[in-house]
Each structure stands twice: as C-alpha cells, then as structure tokens.
Amino acid sequence: MNYDCLIIDDEQLLADSTAEYFNLFGVSAAVVYSAPECRSFFEHNTAKLLLLDINLENESGFELCRELREKTQIPILFISARSSDDDKIIALNIGGDDYIQKPCSLGVLLAKVRAVLKRYGQSEETSYSDAWLKVDFNAKQAVVNGNAVKLTSMEFRLLTYLIKNANRVITKKEIFEKVWGDRFTGDGTLNVHIRKIREAIERDAGNPRYIITVWGEGYKFQGENQ
C-alpha cells in the first residue's frame, strides 16, 4: 500500500494515537515500532514521508536513517524527547529534514507533516537533464555522467531549489528562508552545502559551471548549455 506517512516509534500508544489522528484528518499513516519492522514495511509498501523517533528500543534512529539514506531520499522528520543541539546537528547532517521536540501537540505535528508533504509534492517541473547532469525531483536522485551520486536530503533540496530558479541570482537570505525555513542559518553552513553539491555534480568543483557564486549576493544555477 501507499501511505503519506510512516511513523516509526517504539512508544506504541503514542504512535497509534498519532496515526489515528493523522488518518482522521486525511493524512494516510501507518505505524511500525522498530527498525526491523520498518525494513519489512518497505518490502511491500511505500511512504511519502517518515516520522522517526531517534530513541528506538534496540536501535538508534540515527543509524536507521543512515541505512535508509542509502536507498531513498524521501523526507525524514526526527522526533525526540532529547533537546541536545548535537542531536539536532547529527539529524540534519545525515539527511533529516527537521528535528521536532517532544512533547508536541498532534495538531502541530500534523501541520508540520502537511507542510512537508506539500513542499515535496509541489513541482511543475519533474526533472532537469543535460549531457552531464540529470536530476529527478520526484525520485530525489541525481545522476552525473551516468552514475548516481549521493546527496543528503538538505543538499538535494538546495540543488532542487537552485535548478527550479535557474538563471536567477538567489540571495543567501532567500535560500535560508525557502530551503532551510530559517533566516538565521549561518553562511558557513550554506557554504559547506554548496561545496558538497559542487563536489558531487561539477566536472571541476574548483571551477564550477553549474552553481555560480555571485559575490556579495548569493548563487545562481545555470545549465550546461547556458
């Protein structure tokens, strides 16, 4: 079956009530209570988004995320009772789309899930392609010179935003607000993501042809034929 959201949480009563609430308001949700159950789920089902607790009983949610990122780039929202900044940084760096702090009302959680589903579902363009680079927005897959390359969820989101706004200078402020959803993200974080994307897609990361730096303003994506 195809679901909007898969909830992975070993707190069974909470997970069940969350899924019931989501289903009541039109977001189809399934529940599993462990990493092995999550693996089994994807043998016969699909989901557009994962709501993943990092504190699974016998396995770290971080490790499960790393494993999943080897196979898919679907959005992953971490939810945890832990408030450590280190946890939040790890979550984002391994491909999480957000880190939600428990306790969190079901209404707020539902709104967050809907926002992510809407953001990833809205796309008039479904792909970009030239002789060197191919990017499938729906599959969240980038192929360079015939070979699939690995990008984190945030890196892919940033690349997608730049491509969809090709040949226009995108300011850092706009990137922070539209891609990160946080106007206070630092330049250093953005620079690291740009560098990693260039290393993945450019023929020569030191002399980029796709992602161009516009000094003092921001960045611009230009196709290879521009």
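Our subject is the structure listed above.
About the thresholds
Residues numbered from 1 in each chain as written. Predicted model: local features only at pLDDT ≥ 70, side-chain atom pairs only at ≥ 80, totals over all residues. Heavy atoms only, no water. Helix = DSSP H or I, 4+ residues; strand = E, 2+ residues; numbered from the N terminus. Expected span 1.5 Å × (residues − 1). Buried < 20%, exposed > 50% of the residue type's maximum accessible area, 1.4 Å probe, protein only. Arc of directions from axis to C-beta. Pairing = 2+ DSSP bridges. Contact = heavy atoms within 4.5 Å. Axes fitted to C-alpha atoms, helices over the stretch in contact; angles between N-to-C directions. Phe/Tyr/Trp six-rings, centres within 6.5 Å; stacked < 30°, edge-to-face > 60°.

**A few points about helix H1 (residues 12-24)**
- When the terminal C-alpha atoms of H1 are compared, their 18 Å separation across 13 residues agrees well with the 18 Å that a helix rising 1.5 Å per residue should span.
- Residues of H1 that are buried include every one of Ala 15, Thr 18, Ala 19 and Phe 22, and no others. Each buried residue of H1 lies within a common arc of 95° when the element is viewed along its axis, so the set occupies one face. What points out from H1, more than 90 degrees from its buried face, is the exposed set Leu 13, Glu 20 and Leu 24.

**Brief notes about the pairing of strand S12 (residues 218-221)**
- By the bridge criterion, 2 bridges tie strand S10 (residues 170-171) to S12 in an arrangement that is antiparallel. Pairing of Ile 170 across the sheet is with Tyr 219, part of S12.
- Sheet topology note: the strand S11 (residues 211-214)/S12 ladder contains 4 bridges and is antiparallel. Each residue of the ladder has a partner; that of Ile 212, found in S12, is Lys 220.
- Following S11, the chain reverses through 3 residues before pairing antiparallel with S12; Gly 216 in that reversal takes a positive phi of roughly 85°.

**Section: the sheet that holds S10**
- Strand order in the open sheet made by the 3 strands is S10-S12-S11, with antiparallel pairing throughout. In the strand order of this sheet, the two ends are held by S10 and S11, each with one partner.
- Across the face of the sheet, helix H8 (residues 187-201) comes into contact with S11 and S12 while running at roughly 145° to S11.

**Details of the packing of aromatic side chains**
- Applying the stated rule across the entire model yields 6 aromatic pairs.
- Consider the rings of Phe 176 and Trp 180, whose centres lie 6.3 Å apart with planes at 75°: the pair is edge-to-face. Taken together, the positions of Phe 176 and Trp 180, both in helix H7 (residues 172-180) and 4 residues apart, correspond to about one turn of that helix.
- Classification of Trp 180 as buried rests on a relative accessible area of 16%.
- Geometrically, the ring pair formed by Tyr 210 and Phe 221 is stacked, given 5.6 Å between the ring centres and 15° between the ring planes. You can see Tyr 210 sitting in the loop between H8 and S11 and its partner Phe 221 sitting in strand S12, a full 11 residues away along the chain. Pair check on accessibility: Tyr 210 and Phe 221 agree, each one buried.

**With respect to the sheet that holds strand S9 (residues 147-149)**
- Spatially, 4 strands are ordered S6-S7-S8-S9 in an open sheet, and the strand pairing comes out antiparallel. Among the strands making up the open sheet, the edge pair consists of strand S6 (127-129) and S9. Neighbour-to-neighbour, the strand axes of the sheet open up by a mean angle of 20°, direction not taken into account.
- Here S6 runs beside strand S7 (residues 133-136); their pairing, made up of 3 bridges, is antiparallel. Counted as the bridge partner of Tyr 128 is Val 135 from S7.

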